[in-house]
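So you can see what is in the structure, the chains are spelled out below.
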Amino acid sequence: MQPVPRTRRTPQNTQHTYTLSRRIHHIKTYPVQSPQGATILIYGHENGVTVVWRGGRRLKPPKHLNKEKRNGANNEDAVMVIDSDEETPASGTFVDRPEFEENPTANVSDVPEVVQTLDLALGTAALHVAVLPMPPCHAEDAAWNGAKILKSKVIFAVTCATADVYLVTLPLTPPSYESKARPELRQSLLAGNAGTGVWGETLTLLTGQSRPCGGLAITLVKPNQSSRSRSGERAAVQSAPITRAIVAAHSREASGTLRLWDVAMDAKPGIISRVEPFQTEYLSSPLTSISFNPTHQTQLLTIASSHAARIYDYATAALPSDDTSDGPFPTQGSWLLSLYPPFARGPSMSTARKPIVDAEWIAHGRAILVLLADGQWGIWDIDGASPSAGGSGGLFSKANSGLRGSAITNFCVSGQLEGTSPLRNPATQKLPTAPGGGEFVPMTPHTRRDVTAAAITGGSEKLAAVRGGITIAQLPSQGTGPGEESAVLWLCGADPIVSVIPVISKFWDSQLRRAVGGGVNLWSGAQPTRMLRLTDLSIGLLGERCTGAAAIPKSSRSSAATNGSPAAKEPTANPAEGLPVEVLLQGESRLVVVHESEDAATTASFTTRLLGARKKPRATDLGPTKAILAYPRPEKPNSVAFNLNIAPRAARPTNNLFAQPTSRGPSIKGSFSFDQSVYGAGSQDTVLPSTELPDEVVSAPSSQQQGLVFVNDLSYAADRPDDEFEAAERDIEQELMDIMEIDRELENLERERGTKRVFFEEG
């Protein structure tokens with residue numbers, strides 16, 4: 001990954017593109033920052049996982065231990081120089097002591113640089129990555145659930161294409177340049193693989209899987225939860241309990257399998273330990289995603305896309321009288337609750353539900369945000385977490401029965417993502433053509449019935465292929481209480497639909513007030529109370545499909561001031577400066593970080609933005625930049641005019657192919673510029689002859705043909721040899737941007753169906 005990304009600016013946002021040399025399968029943002037203030041990104045690719053430290057203070061340049069060999073120097077002198085610079089004995093293990101510069105990599109308004117990367121090769125593709133569901137914090141404040149190991153270690157889980165599941169720990173501090181340049185790493189291609197311990201990592205293999213996993217989740221267990229009170233013969237609680245991690249993974253083995261492992265965080269570097277699952281649940285249908293509750297760590301949210309969302313508790317025994325487990329947890333957990341989505345549009349007797357694309361815990365584990373395949377989103381208020389007093393009060397309150405007719409779980413609030421109308425109305429999509437190849441189908445009673453049935457029954461089948469997801473980012477807390485949350489909802493594809501909820505609690509409250517006649521519209525109002533859709537995302541992806549999204553929370557000003565200058569290098573979560581999170585889009589081999597621009601953070605309504613009545617960024621406001629400006633460029637005027645009129649105009653002297661002709665001149669082979677030595681001083685009104693009719697006189701064109709005379713001379717352009725020097729000097733990227741501007745203006749002209757003067761500048 002390059003340290004500085006390639007930047008592209010659009011009217012709504014700025015996109016920073018990182019181009020990778022591998023295919024990306026999954027990416028996650030680690031919630032704990034490194035000691036020098038860097039944000040840690042973990043992504044799985046075709047050969048393992050890569051850990052990226054982005055932002056924070058830079059590593060100091062490497063010390064050149066191997067000095068250049070001078071005349072008269074021998075190899076023994078060079079070896080002695082290397083040994084003399086080493087503080088530890090040559091026979092001892094390498095101890096990495098990275099040193100950092102005093103200043104951060106970038107200012108608050110700049111893009112953080114990539115400080116360091118580390119590849120952990122697993123020998124196979126890493127398909128899914130899972131991190132802890134904890135709020136973001138700095139390294140010195142990381143003590144979630146009493147686990148002090150979080151102050152110095154990165155803990156994550158990964159699934160592989162070989163059906164292996166690993167729990168990985170890694171030092172929180174990025175490795176130094178000297179550590180990556182050690183001589184022992186050059187002795188073998190496998191010396192730096194994961195599990196060898198050369199990077200201080202530990203690897204734990206979670207066994208029991210026979211097929212690749214479709215997803216996984218991880219959480220930590222509090223020390224006082226490691227023993228159960230139902231048996232007095234269990235081991236006593238230790239004075240210094242070991243931190244334990246619970247890893248859950250689901251696969252398509254049999255009809256669907258859910259396994260959970262209990263892993264002690266006491267593994268040693270260089271030793272790969274093996275752990276068997278303590279619970280195995282065989283399901284009636286395979287799952288699509290799982291996630292642990294951030295507050296109640298024993299509750300697991302499971303999603304069966306075509307059926308329901310269910311909550312599983314692995315610490316509550318299904319049949320306490322039959323529990324014979326000797327461990328801290330029972331051999332079989334309990335299913336607490338099932339949440340059912342609405343039915344899809346179809347015939348009156350249709351029983352197909354809308355597929356659940358994804359669902360995540362919100363309100364710190366008291367509610368669930370769900371995204372359906374037709375673009376509908378909704379919030380299930382399980383524990384009365386509504387921010388408004390006039391809310392539903394939870395699914396099981398007296399004012400809400402929780403379920404209504406046909407076993408549909410009520411949404412506290414719901415709505416639709418912008419741009420998903422084709423998914424909601426399949427009949428509006430273009431139907432298949434007639435068997436004969438024509439597009440005309442006579443509307444008889446029989447064909448009308450067939451077309452209607454095909455449009456209705458095909459809707460649920462098309463929705464089953466929709467892919468997307470939800471990412472919940474917990475924002476840094478401003479005080480002692482829990483912080484706010486942001487959500488990123490997306491539907492994958494070549495033209496992805498990505499929407500951001502800046503602050504979930506404020507957005508939820510505004511939707512409740514809107515339901516009773518107050519509040520704001522879904523796409524209008526103040527920025528924290530509305531849902532914002534990100535547009536022009538294909539510019540940063542450069543033609544690749546969007547396969548996922550993540551969120552990077554911005555550091556708060558209070559935490560930056562508390563921890564000193566090292567924390568001031570990350571963007572701050574000021575509502576006036578845009579979104580409180582950075583949206584990270586995952587392409588096939590690219591990562592795009594999207595920053596919201598200032599004019600998109602204004603409170604203009606959605607209708608006003610559709611009409612284009614928004615403030616254009618000025619060149620003075622943007623400052624000097626090397627970004628590729630997609631459309632429009634700040635130095636260009638707001639309105640662009642092009643002249644497509646073919647009416648006769650006053651002739652002006654010109655020496656190119658488009659001059660107004662009046663008579664025929666001699667043939668010119670291989671040249672298209674006017675030459676007075678050939679034609680004479682008064683022969684500027686001469687047209688080049690056609691290769692097909694070299695001896696005929698070309699008469700002066702009529703007024704209807706003026707402006708299109710160059711069509712007669714296209715054959716000369718085809719026979720002209722290429723000018724390599726001219727091709728090397730051309731700015732192809734600038735020409736493509738100009739073509740994009742012309743296409744955009746022509747589309748606006750077609751939509752407005754008005755008159756506009758259009759002029760093409762001659763370059």
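This is a predicted model, so every value here is computed, not measured. (Residues numbered from 1 in each chain as written. Predicted model: local features only at pLDDT ≥ 70, side-chain atom pairs only at ≥ 80, totals over all residues. Heavy atoms only, no water.)

Caption draft 1: Looking closely at the overall build of the protein chain. Each helix and strand in the protein chain was counted, giving 13 helices and 37 strands. In the protein chain, buried positions account for 45% of the 763 residues. At a minimum sequence separation of 6, the contacts of the protein chain that also span at least 24 residues come to 65%. Element-wise, carbon and sulfur atoms account for 52% of the exposed surface of the protein chain, whose accessible area totals about 39,200 Å². (Helix = DSSP H or I, 4+ residues; strand = E, 2+ residues; numbered from the N terminus. Buried < 20%, exposed > 50% of the residue type's maximum accessible area, 1.4 Å probe, protein only. Contact = heavy atoms within 4.5 Å. Areas by Shrake-Rupley, 256 points an atom, 1.4 Å probe, with all protein chains shown as cover.)

Caption draft 2: Expanded view of the packing of aromatic side chains. In total, this model carries 7 aromatic pairs according to the counting rule given. Each residue in the set Phe 278, Phe 292, Tyr 314 and Phe 329 is aromatic and connected to the rest through ring pairs, giving one cluster. (Phe/Tyr/Trp six-rings, centres within 6.5 Å; stacked < 30°, edge-to-face > 60°.)

Caption draft 3: Quick peek at the sheet that holds strand E16 (residues 272-275). Pairing in this open sheet of 5 strands is mixed, and the strands run E9-E10-E11-E12-E16 from one edge to the other. Strands with a single pairing partner mark the edges of an open sheet, and in this sheet they are strand E9 (126-131) and E16. The sheet shows a mean angle of 25 degrees between the axes of neighbouring strands, taken without regard to direction. Examined bridge by bridge, strand E12 (residues 202-206) and E16 share 4 bridges and lie parallel to one another. (Pairing = 2+ DSSP bridges. Axes fitted to C-alpha atoms, helices over the stretch in contact; angles between N-to-C directions.)

Caption draft 4: Region of interest: the nonpolar core. Judged by nonpolar contacts, the single largest core of 53 residues is most densely connected at Tyr 30, Leu 120, Leu 150, Phe 156 and Leu 167. The element contributing the most residues to this core is strand E10 (residues 153-160), with 6 residues. Among all residues touching Leu 150, those that are not within four sequence positions of it are Tyr 30, Val 32, Leu 132, Met 134, Ala 142, Trp 144, Ile 155, Leu 172 and Leu 220. Ala 363, Val 413, Leu 417 and Leu 512 belong to the second-largest nonpolar core, a separate cluster that totals 26 residues. (Core = buried A, V, L, I, M, F, W, Y, C linked by side-chain atoms within 4.5 Å.)

Caption draft 5: Structural context of the environment of Leu 475. Among the secondary structure elements, Leu 475 is positioned in the loop between strand E28 (468-474) and strand E29 (485-491). Separated by 28 residues in sequence, Leu 475 and Val 503 place their C-alpha atoms 8.9 Å apart. The residues contacting Leu 475, other than those within four sequence positions of it, are Pro 136, Gly 483, Glu 484, Glu 485, Ser 486, Pro 502, Pro 553, Pro 580 and Val 581.

Caption draft 6: Representation of helix H5 (residues 504-515) in the model. For H5, which comprises 12 residues, the first-to-last C-alpha distance of 17 Å matches the rise-based estimate of 16 Å (1.5 Å per residue) to within 8%. Within H5 the residues assigned to the buried category are Ile 504, Phe 507, Trp 508, Ser 510, Gln 511 and Leu 512. (Expected span 1.5 Å × (residues − 1).)

Caption draft 7: Representation of empty space enclosed by the protein. Inspection of the entire model under this criterion finds 2 cavities of 30 Å³ or more. Taken as a whole, the second largest cavity encloses approximately 30 Å³ of empty space. Along its surface, the second largest cavity is lined by Met 1, Tyr 18, Leu 41, Arg 54, Leu 584, Leu 591 and Val 593. Its residues placed into classes, the lining of the second largest cavity shows 6 nonpolar, no polar and 1 charged. (1 Å grid on protein atoms, 1.4 Å probe; cavity = no way out; pocket = protein on both sides within 12 Å on 5 of 7 lines; lining within 4 Å. Points joined across faces, edges and corners; volume = space filled by probe spheres on them. Nonpolar A, V, L, I, M, F, W, Y, C, P; charged D, E, K, R; others polar.)

Caption draft 8: Highlighting the pattern of salt bridges. Enumeration over the complete set of coordinates arrives at 11 salt bridges. We note a salt bridge from Lys 354 to Asp 374, for which the minimum N-O separation is 2.9 Å. Residue Lys 354 is found in the loop between strand E21 (334-339) and strand E22 (356-362), and its partner Asp 374 is found in the loop between strand E23 (367-372) and strand E24 (376-381); the two are separated by 20 residues along the sequence. Considered together, Lys 354 and Asp 374 belong to a single accessibility category, that of buried residues. For Arg 366, the salt bridge identified is with Asp 383, shortest N-O distance 3.7 Å. Of this pair, Arg 366 sits in the loop between E22 and E23 while Asp 383 sits in the loop between E24 and strand E25 (403-404), and the two are 17 residues apart along the sequence. Salt bridges sharing common partners tie together Arg 58, Glu 101 and Glu 113. (Salt bridge = Lys/Arg side-chain N within 4 Å of Asp/Glu carboxyl O.)

Caption draft 9: Structural detail: the side chain of Thr 10. With respect to the helices and strands, Thr 10 occurs in the loop between strand E1 (6-9) and strand E2 (13-19). We classify Thr 10 as buried; its relative accessible area is 4%. Of the polar contacts made by the side chain of Thr 10, one reaches the side chain of Asn 13; its length is 2.8 Å. (Polar contact = N/O pair within 3.5 Å; in protein donor to acceptor, adjacent residues only side chain to side chain.)

Caption draft 10: Looking closely at the sheet that holds strand E18 (residues 289-292). Sheet architecture is open: 4 strands sit in the order E18-E19-E20-E21, paired in antiparallel fashion. With partners counted over all chains shown, the strands left at the sheet margins are E18 and E21, one partner each. Put simply, the sheet's adjacent strands are angled 20 degrees from each other on average, direction ignored. Bridge count for strand E19 (residues 299-304) against strand E20 (residues 308-313) is 6 bridges, and the pairing is antiparallel. Paired with Ala 304 across the bridge in E20 is Ala 308.

Caption draft 11: Quick look at the state of the cysteines. Taken as a whole, this structure holds 0 disulfides when the rule is applied. This cysteine, Cys 492, is not joined by any disulfide, and Cys 546 carries the nearest cysteine sulfur, 5.1 Å off. When its relative accessible area of 25% is taken as the criterion, Cys 492 is described as partly exposed. (Disulfide = S-S within 2.5 Å.)

Caption draft 12: Spotlight on the pairing of strand E32 (residues 548-553). Within E32, 5 of the 6 residues are buried, leaving the element largely enclosed by the surrounding structure. Where E32 meets strand E33 (residues 581-586), 6 bridges bridge the pair, whose relative direction is antiparallel. Bridge assignment links Gly 548 to a residue of E33, and that residue is Gln 586.

Caption draft 13: Molecular detail of unusual backbone geometry. For Ala 363, which is not glycine, the phi dihedral falls at a positive 55 degrees. Within the element layout of this structure, Ala 363 appears in the loop between E22 and E23. A positive phi angle is found at His 364, which is not glycine, with a value near 60 degrees. Examined against the element boundaries, His 364 turns out to sit in the loop between E22 and E23. Judged by relative accessible area, His 364 falls into the partly exposed class, the value being 24%.

Caption draft 14: How the structure looks around the pairing of E2. Of all 7 residues making up E2, 6 are buried, and the element is well covered by its neighbours. Direction of pairing for E1 relative to E2: antiparallel, over a ladder of 4 bridges. Across the sheet, Arg 6 pairs through a bridge with Thr 17, a residue of E2. A loop of 3 residues connects E1 with E2, the two strands running antiparallel in sequence.

Caption draft 15: Seen up close, the confidence of the model for the protein chain. The share of residues in the protein chain with pLDDT of 70 or more is 61%, and the mean pLDDT across the chain is 74. Note that pLDDT drops below 50 for residues 65-91; the model gives that stretch 10 contacts with residues more than four away or on any other chain. In the model, residues 225-239 has pLDDT below 50 throughout and makes 18 contacts with residues more than four positions away in sequence or in other chains. (pLDDT = per-residue confidence, 0-100.)

Caption draft 16: Quick peek at the environment of Gln 116. Topologically, Gln 116 is positioned in strand E8 (residues 114-121). Looking at Gln 116, the relative accessible area reads 6%, which means it is buried. Along the chain, Gln 116 and Ala 38 lie 78 residues apart, while their C-alpha atoms are 9.6 Å from each other. If near-sequence neighbours (up to four positions away) are discounted, Gln 116 is found in contact with Val 51, Val 52, Trp 53, Leu 59, Pro 174, Pro 175, Ser 176, Tyr 177 and Lys 180.

Caption draft 17: Region of the structure containing the environment of Leu 216. Here Leu 216 shows up in strand E13 (residues 213-221). On the basis of relative accessible area, Leu 216 is assigned to the buried category, the value being 9%. It is 7.2 Å that separates the C-alpha atoms of Leu 216 and Val 247, two residues lying 31 residues apart in sequence. Every residue in contact with Leu 216, bar those within four places of it in the chain, is listed here: His 128, Val 129, Ala 130, Ala 157, Val 158, Thr 159, Val 165, Val 247, Ala 248, Ala 249 and Ile 290.

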